[in-house]
Amino acid sequence: MCTRFATEIVLRHAEEPTRIQAEIVPYRSRSEASIIVLKEFLRKLETFEELPMVITEVATLIGVRNSGSNTGGPAFASDILQISVSGRTGLHLSVVDLPGLISVPSEKQTEDDLETVHALVDTYVGNTRTIILAVVQANNGIANQGIIQKSRKHDPLGQRTVRIITKPDLINKGTEARIARLARNQGTTKLELGQREESERAYFAASPWRELFLDDDKVGIANLRHFLQQLLDRHMAKELPNVKEIKKLVESVEKQLDDLGEGRPTARHLRTYLSRLAMRFHILASAALHGNYDITDIDFFSRTKGPEDHIRARAFLHFANTRFANDMREYGHTLKVGDSQRANVDSDSDASDVLNPRQTEVSEIEMKELIVAVNLSLPHI
């Protein structure tokens, strides 16, 4: 267990001396105070030899278990260590190293650790613009390894998954043919892109690999690098039409920034902002009460869905007043004069359907008798 958090290496080609710097991208669920502390982290590296020390420092800062003096906390974190490299790299590419997938919890990895790792991997693998480098071990059941299952889920056609088989020197003697079949894409788990094995060319030039007829361009780091460069070119050409998605995202973010308004660094700026906010509220409230919906802030009133919508106050008040008048006319009395022939009908009949539960239907004669009786009971002046 070496990779505890995602590490992004962002390569950018530029005609200038190479610059390397490390930053932390905090996970959004962290507290505000913790996010501020992590965002302040910035290290400029002279060479990549300093990277292990930076990784150790970051692990301690984000609080993963067994880093520095920290013996508690989670074994993995959702924060990201971002290494930016600009210079004559010859590439515009981001490479992400993710923690290895864990199958079952143990003394060192809890159930929460498993959820963190799987959620982190799904975030990257589920992105259609990501090329999945599925590193699998030859000495384990390849088809059952977690990353193969995830790549099947997120890339069912195998169009952006590259299987990299490692540790072929640890397999049992006599099982080399099985690994060779996988490398030739002849196993049960087929990929449209093919696979590459990470080892030295000399190893595969020896027996028994030599007799298994592996293509020279399918083994070794150099061939893998060349293949990935070609794959990247094809993938970029395929994804270029989807630039409109990025444009929509940019427009959405710009709208959110506009909604935030201008910066308010001082008390004077705050007072100005609050004054404008109060004035806007006054204008909207007056327009809602007077039924004047053709104001500049038409987006506010366009959200109305019906006469009961409280955004349009005048319409709502008119509707409520009409409903109140109808209720008073229909149910504002306890005795309701009905057809004399139907005054004593059974409560289950249609006549009772128009009555309020607090109303009683009487005939016209009964109502007149009641009025006379009440009249007689009143003191005469």
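Look up a bit, the structure's there.
Before going into details, it helps to say that this report is about the structure given with it. (Residues numbered from 1 in each chain as written. Predicted model: local features only at pLDDT ≥ 70, side-chain atom pairs only at ≥ 80, totals over all residues. Heavy atoms only, no water.)

## A closer look at the overall build of the protein
- Helix and strand counts for the protein stand at twelve helices and ten strands.
- For the protein, with 381 residues in total, the buried portion stands at 30%.
- Counting contacts in the protein only where the partners sit at least 6 residues apart, residues at least 24 apart contribute 62% of the total. (Helix = DSSP H or I, 4+ residues; strand = E, 2+ residues; numbered from the N terminus. Buried < 20%, exposed > 50% of the residue type's maximum accessible area, 1.4 Å probe, protein only. Contact = heavy atoms within 4.5 Å.)

## Quick notes on the sheet that holds strand β3 (residues 42-45)
- Read from one edge to the other, the open sheet built from five strands follows the order β3-β2-β4-β1-β5, with strand pairing classed as mixed. The open sheet has two edge strands with one neighbour each: β3 and β5 (93-97). Between one strand and the next, the sheet's axes are offset by a mean angle of 20°, whatever the strand orientation.
- Pairing of strand β1 (residues 6-13) with strand β4 (residues 80-87), which is carried by eight bridges, proceeds in the parallel orientation. Within β4, the residue paired with T7 across the bridge is L81. (Pairing = 2+ DSSP bridges. Axes fitted to C-alpha atoms, helices over the stretch in contact; angles between N-to-C directions.)

## Some details on unusual backbone geometry
- A positive phi angle, close to 55°, is found at K167, a residue other than glycine.
- One can find K167 in the loop between β7 (161-166) and α5 (176-183).

## Focus on the environment of I171
- Mapping I171 onto the fold places it in the loop between β7 and α5.
- As for I171 and A138, which are separated by 33 residues in sequence, their C-alpha atoms are 6.5 Å apart.

## Quick notes on the layout of surface pockets
- Estimated volume of the second largest pocket: approximately 280 Å³.
- In terms of lining, the second largest pocket is formed by 13 residues, of which the most central are Y27, R28, S78, L120 and T123.
- Ranked by residue count, the leading element in the lining of the second largest pocket is helix α3 (residues 111-125), at five residues.
- Among the residues forming the lining of the second largest pocket, the class breakdown is seven nonpolar, three polar and three charged. (1 Å grid on protein atoms, 1.4 Å probe; cavity = no way out; pocket = protein on both sides within 12 Å on 5 of 7 lines; lining within 4 Å. Points joined across faces, edges and corners; volume = space filled by probe spheres on them. Nonpolar A, V, L, I, M, F, W, Y, C, P; charged D, E, K, R; others polar.)

## Points about the packing of aromatic side chains
- Throughout the structure, instances matching the rule amount to zero aromatic pairs.
- The ring of Y273 carries the charged tip of R264 above its face, separated from the ring centre by 3.8 Å. (Phe/Tyr/Trp six-rings, centres within 6.5 Å; stacked < 30°, edge-to-face > 60°. Lys NZ or Arg CZ within 6 Å of the ring centre and 35° of its normal.)

## Some words on the pairing of β4
- Burial analysis of β4 places six of its eight residues in the buried class, which makes it a mostly covered element.
- Alignment of strand β2 (residues 19-25) against β4, held across seven bridges, turns out to be antiparallel. Bridge pairing links I24 to L81 in β4.

## Let's talk about the packing of helix α9 (residues 267-290) against helix α11 (residues 313-331)
- At their nearest, the axes of α9 and α11 sit 5 Å apart, and the two run at 35° to each other. Taken together, the residues of α11 that come into contact with α9 (itself represented by A288, L289 and H290) are A313, R314 and L317.
- Looking at the contact of α9 with α11, its residues break down into four nonpolar, one polar and one charged.

## Looking at the pattern of salt bridges
- Taken as a whole, this structure holds eight salt bridges when the rule is applied.
- For the salt bridge of R30 with D79, the shortest nitrogen-to-oxygen distance reads 2.8 Å. Note that R30 is positioned in the loop between β2 and α1 (32-39) and D79 in the loop between α2 (51-62) and β4, a separation of 49 residues in sequence.
- Residue classification places R30 among the partly exposed residues on the basis of a relative accessible area of 25%.
- Note that E57 and R43 form a salt bridge whose closest N and O atoms lie 2.5 Å from each other. A residue pair is termed long-range when its members are at least 10 positions apart, and E57 in helix α2 and R43 in strand β3 qualify at 14 residues. (Salt bridge = Lys/Arg side-chain N within 4 Å of Asp/Glu carboxyl O.)

## A closer look at the nonpolar core
- With 19 residues, the main nonpolar core has A22, V58, I62 and I83 as its most contacted residues.
- Among the elements that line this core, the one with the most residues is α2, at five residues.
- With residues near it in sequence (within four places) discarded, I62 still touches F5, I24, R30, L38, A77 and D79.
- Counting residues in each nonpolar core, the second largest holds 17 residues, with F76, A138, I171 and L182 among its members. (Core = buried A, V, L, I, M, F, W, Y, C linked by side-chain atoms within 4.5 Å.)

## Thoughts on a nonpolar patch on the surface
- A cluster of nonpolar side chains, contributed by L240, V243, I246 and V250, occupies part of the molecular surface with about 340 Å² of accessible area.
- When you line up the elements, V250 lands in helix α8 (residues 243-260).
- Judged by its relative accessible area of 40%, V250 falls in the partly exposed class. (Patch = residues over 30% accessible without salt bridge, like charges linked within 9 Å, V, L, I, M, F, W, Y side chains within 5 Å. Areas by Shrake-Rupley, 256 points an atom, 1.4 Å probe, with all protein chains shown as cover.)

## Quick look at the environment of H333
- Relative to the helices and strands, H333 resides in the loop between α11 and β9 (335-337).
- Residue H333 is classed as partly exposed on the basis of its relative accessible area, which comes to 31%.
- Measuring from C-alpha to C-alpha, the distance between H333 and T360 comes to 9.1 Å, with 27 residues separating the pair along the chain.

## So, α9
- If you check α9, its first and last C-alpha atoms are 34 Å apart, about what 24 residues at 1.5 Å a residue would give, namely 34 Å.
- Buried within α9 we find L284, A287 and A288.
- Following α9 by one or two positions, G291 adopts a phi angle in the positive range, close to 75°. (Expected span 1.5 Å × (residues − 1).)

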